[in-house]
Each structure stands twice: as structure tokens, then as C-alpha cells.
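# Reading the structure
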Amino acid sequence: QVQLVESGGGLVQTGGSLRLSCAASGSIFRINAMGWYRQAPGKQRELVAAITSGDSTNYADSVKGRFTISRDNAKNTVYLQMNSLKPEDTAVYYCNANVVSPSSLNAHFYWGQGTQVTVSS
């Protein structure tokens, strides 16, 4: 089993910054892509940013230039630096990772429990 534990959410004013972290632990042979998703009340979960094992990144258009995703493979951790936050960024942010099992060498997707980000106007 694999656990993803997120941290770093909270309440911030418009224009402020937050840094989210997500650490993976458990039965891990290798982690392929990792990403951050968010879900606002009444809306579908959407991709915010993703990063491959080779550090290629992609972002939702709404966060380009404001958010930066990065990862530390030695720590099995992915980060999301969020700058110039807007009220529309308010959502629960979820970490996602594609993890290769050491026993089967099959890859599975795992989700974190989510962390609330609230941006006040």
C-alpha cells in the first residue's frame, strides 16, 4: 500500500502565497508522474499541474505563470508553489501519484486526502 500525505494548505489573502507538499510512503519501487488536482464546491475535480519522472511539467491555463510544481525524488515528495493567489483558487487540493509496486512492477494511481486552500478577497 501507498500513502500520500498532503500539507501546507490554509487561509490566505488575495495576492498571497502558499506552498503545498505531498509525501508518498509505503511500498514504492518507483514513482512515475505526480500531480495536483483541485475541487471547488459544486465543481468537478480538475488538473492543476503535473510533473513526470523526467521533470516535464504541464499546467492548467488558469494557473500558468503563478503556480510551480516540483518534486524531490529522494524524498518521494511533490510540491506546489502557489503565488498571486486569487479567490477562484479556493478549493480542496489533492495530490496524485502513479506508483510502481516493487512486488508486481505494476503501476497504480493513488490520491491524498486533500488539503483546503482558501483565498479571501
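This text follows the structure it describes.
What you see is a predicted model, and the numbers here were worked out from it, not measured in a lab.

Let us look at the environment of Glu88. Following the sequence through the fold, Glu88 ends up in the loop between β8 (77-82) and β9 (91-100). Taking the relative accessible area as the measure of exposure, Glu88 reaches 56% and is therefore exposed. Along the chain, Glu88 and Thr14 lie 74 residues apart, while their C-alpha atoms are 9.7 Å from each other.

Bringing the packing of aromatic side chains into the picture now. In the structure shown here, the tally under the stated rule is one aromatic pair. A ring pair is formed by Tyr37 and Trp111, whose centres lie 5.0 Å apart and whose planes are at 65°; its orientation type is edge-to-face. One end of the pair, Tyr37, is in strand β4 (residues 30-39); the other, Trp111, is in strand β10 (residues 107-111), and 74 residues separate them in sequence. With a relative accessible area of 23%, Tyr37 lands in the partly exposed category. Above the face of the Trp111 ring, Arg45 is positioned so that its terminal group lies 4.6 Å from the ring centre.

As a further point, take the nonpolar core. Membership of the largest hydrophobic core comes to 30 residues, with the highest contact counts inside it found for Trp36, Leu80, Met82 and Tyr93. When residues of this core are traced back to their parent elements, those giving at least two are β1 (2-7), β3 (18-26), β4, β5 (46-51), β7 (67-72), β8, β9 and β11 (115-120). Setting aside chain neighbours within four positions, we find Leu80 in contact with Leu18, Arg19, Leu20, Trp36, Val48, Ala49, Phe67, Thr68, Ile69 and Tyr93.

Now for the pattern of salt bridges. Counted by the stated rule, this structure contains four salt bridges. The closest approach of N and O atoms between Asp89 and Arg38, which form a salt bridge, is 3.0 Å. Of this pair, Asp89 sits in the loop between β8 and β9 while Arg38 sits in strand β4, placing them 51 residues apart in sequence. With respect to burial, Asp89 and Arg38 carry one shared label: buried. Between Arg66 and Asp89 there is a salt bridge, with the nearest N and O atoms lying 2.8 Å from each other.

Here we take up the state of the cysteines. Overall, the coordinates contain one disulfide when judged by the stated rule. At a sulfur-sulfur separation of 2.1 Å, the disulfide partner of Cys22 is Cys95. Looking down the S-S bond of the Cys22 and Cys95 bridge, the torsion is -80°, so its handedness is left-handed. Here Cys22, found in strand β3, pairs with Cys95, found in strand β9; they are 73 residues apart in sequence, far enough to count as distant. Cys95 matches Cys22 in its accessibility class, with the two residues each being buried.

Conventions we followed
- Residues numbered from 1 in each chain as written.
- Predicted model: local features only at pLDDT ≥ 70, side-chain atom pairs only at ≥ 80, totals over all residues.
- Heavy atoms only, no water.
- Helix = DSSP H or I, 4+ residues; strand = E, 2+ residues; numbered from the N terminus.
- Buried < 20%, exposed > 50% of the residue type's maximum accessible area, 1.4 Å probe, protein only.
- Phe/Tyr/Trp six-rings, centres within 6.5 Å; stacked < 30°, edge-to-face > 60°.
- Lys NZ or Arg CZ within 6 Å of the ring centre and 35° of its normal.
- Core = buried A, V, L, I, M, F, W, Y, C linked by side-chain atoms within 4.5 Å.
- Contact = heavy atoms within 4.5 Å.
- Salt bridge = Lys/Arg side-chain N within 4 Å of Asp/Glu carboxyl O.
- Disulfide = S-S within 2.5 Å.

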